[in-house]
Amino acid sequence: SVSTGFQTDLVWVKYRDGTYNHTIGDSSRGTGKYIQSDTTAAEQSNVQSFTAFGSDGFTYGSELSGNQNTYPMISWSWKVNGGTTSSNSNGTITSTVQADDDRGVSISTYTGTGSAATIGHGLGVAPKMVIVKDRGATNDWAVYHAGLATDPETDYLLLNGTAAAADDSTYWNDTAPTTDVFSIGTNADVNTNTNTYVAYAFANKEGFSKFGSYEGNANADGPFVYTGFKPRLLALKRIDGLGSWLVSDSARRPNNDGTYRELYWNSTSDEQTGADSHDGVNYFSNGFKLKATNAGANGSGNDYVYIAFAEN
C-alpha cells in the first residue's frame, strides 16, 4: 500500500528504472482496472493491479506495471471523492461525474453515440485541461489544453504521442468548455457509438494548480513561469513541433541541485537524469524557471504548454 495522507481517487504510477508502462487507475472506474498513457491500448482488467482507493492512500497488487521487489516507483495522486457525484444528461449522452470543485479535479465516465454532444464535468468553472481515453478500443488519448491557442477548442494534443497541436473540429466540436460541460465531436478518440470513455478534467485553482503556456529562448537563463505556488508536479509539452510530454516533480528532486530527473508520459522509457535533461527546470516558491537549452522544453521561439500542481 502507498500512503498519501488524503482520500486517493486518481492515481498515476510509473516504474522509474525500466521500460514499463505508465499505469492509471481511478475510483470511478473501480479497482482491478487500469489504462496506460503511453499506448493506445484499451482499458485492462486485472485483480492484481489497483486493489483499493482509500481514505489515506491506495493499494496495488503484483501485476501493476513495474511492481517488483526493490524496484523504484513514482506515483502522482489526486483526491476527487468527497465532492460532487452526479449524473448529467446533455444532448444524447448521460455522464456520471465525480468532482471535487475545491481542488478543481473531476472524473467523468460516459458512453459515446458518434454524434456531437456535451459531457458534464461538475467543476463549476470551465476546465483548463481535459484528457479523454476510449476504455474499450485502441484509440488515442485526446487532450484539450487552454494554452494551445486563443481558440484552444479548435485544437487537440495526443497524450500518447509527440505530435504538435493540430486543428480538428471533430475532437471538441470547436466549442469551448463551459462552467458545466465540455463538448465532444465525432472523432473516435472521444465519441464512438457504444464505446465507453473516461475523462479527467482540471481547472485552475489558485495556490494549487495552473495550466498555461510559455515561449522558449534556448538560453540556460530561460523563461520564468509564474504559477503562484511551488510546483510539486510539472509537465511540459512542445506544441508547435514534435515533443514528448516531459514530467518532473519535487519528490524525485527536492532541491535545485542541477541533477534533473524526467519521465515521459507518452513513453515507457525509464527515468532520464543528468544536468542536461530535456526538462531542465528549477522550482521556486511562486513558479518555475527553464534551464535546459534544447527544443524539448526551451527551444528558441518554440511554444509550450505546461501543467503544474502544488503539493496540496
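Look up a bit, the structure's there.
Residues numbered from 1 in each chain as written. Predicted model: local features only at pLDDT ≥ 70, side-chain atom pairs only at ≥ 80, totals over all residues. Heavy atoms only, no water.

**Some points on empty space enclosed by the protein**
Throughout the structure, instances matching the rule amount to one cavity of 30 Å³ or more. Lining the largest cavity, in full, are Leu10, Trp12, Trp78, Met129, Ile131, Tyr200, Phe202, Leu233, Trp265, Ile307 and Phe309. Elements with a contribution of two residues or more to the lining of the largest cavity: strand S2 (10-15), strand S13 (129-134), strand S18 (196-202) and strand S27 (303-309). Taken together, the residues of the lining of the largest cavity break down into eleven nonpolar, no polar and no charged. (1 Å grid on protein atoms, 1.4 Å probe; cavity = no way out; pocket = protein on both sides within 12 Å on 5 of 7 lines; lining within 4 Å. Points joined across faces, edges and corners; volume = space filled by probe spheres on them. Helix = DSSP H or I, 4+ residues; strand = E, 2+ residues; numbered from the N terminus. Nonpolar A, V, L, I, M, F, W, Y, C, P; charged D, E, K, R; others polar.)

**Focus on the packing of aromatic side chains**
With the rule as written, the count across this model stands at 22 aromatic pairs. Between the aromatic rings of Tyr156 and Tyr171, the centroid separation amounts to 3.8 Å while the plane-to-plane angle is 10 degrees, which identifies the pairing as stacked. You can see Tyr156 sitting in strand S15 (residues 155-158) and its partner Tyr171 sitting in helix H1 (residues 169-172), a full 15 residues away along the chain. Tyr171 gets classed as buried once you look at its relative accessible area, which sits at 4%. Look at Phe208 and Phe309: their rings are 5.7 Å apart centre to centre, the planes differ by 65 degrees, and that puts the pair in the edge-to-face class. Of this pair, Phe208 sits in the loop between S18 and strand S19 (209-215) while Phe309 sits in strand S27, and the two are 101 residues apart along the sequence. Of the two residues, Phe208 and Phe309, both sit in the buried class. Connected via pairs of aromatic rings, a cluster forms that spans Trp78, Phe202, Phe208, Phe211 and Phe309. (Phe/Tyr/Trp six-rings, centres within 6.5 Å; stacked < 30°, edge-to-face > 60°. Buried < 20%, exposed > 50% of the residue type's maximum accessible area, 1.4 Å probe, protein only.)

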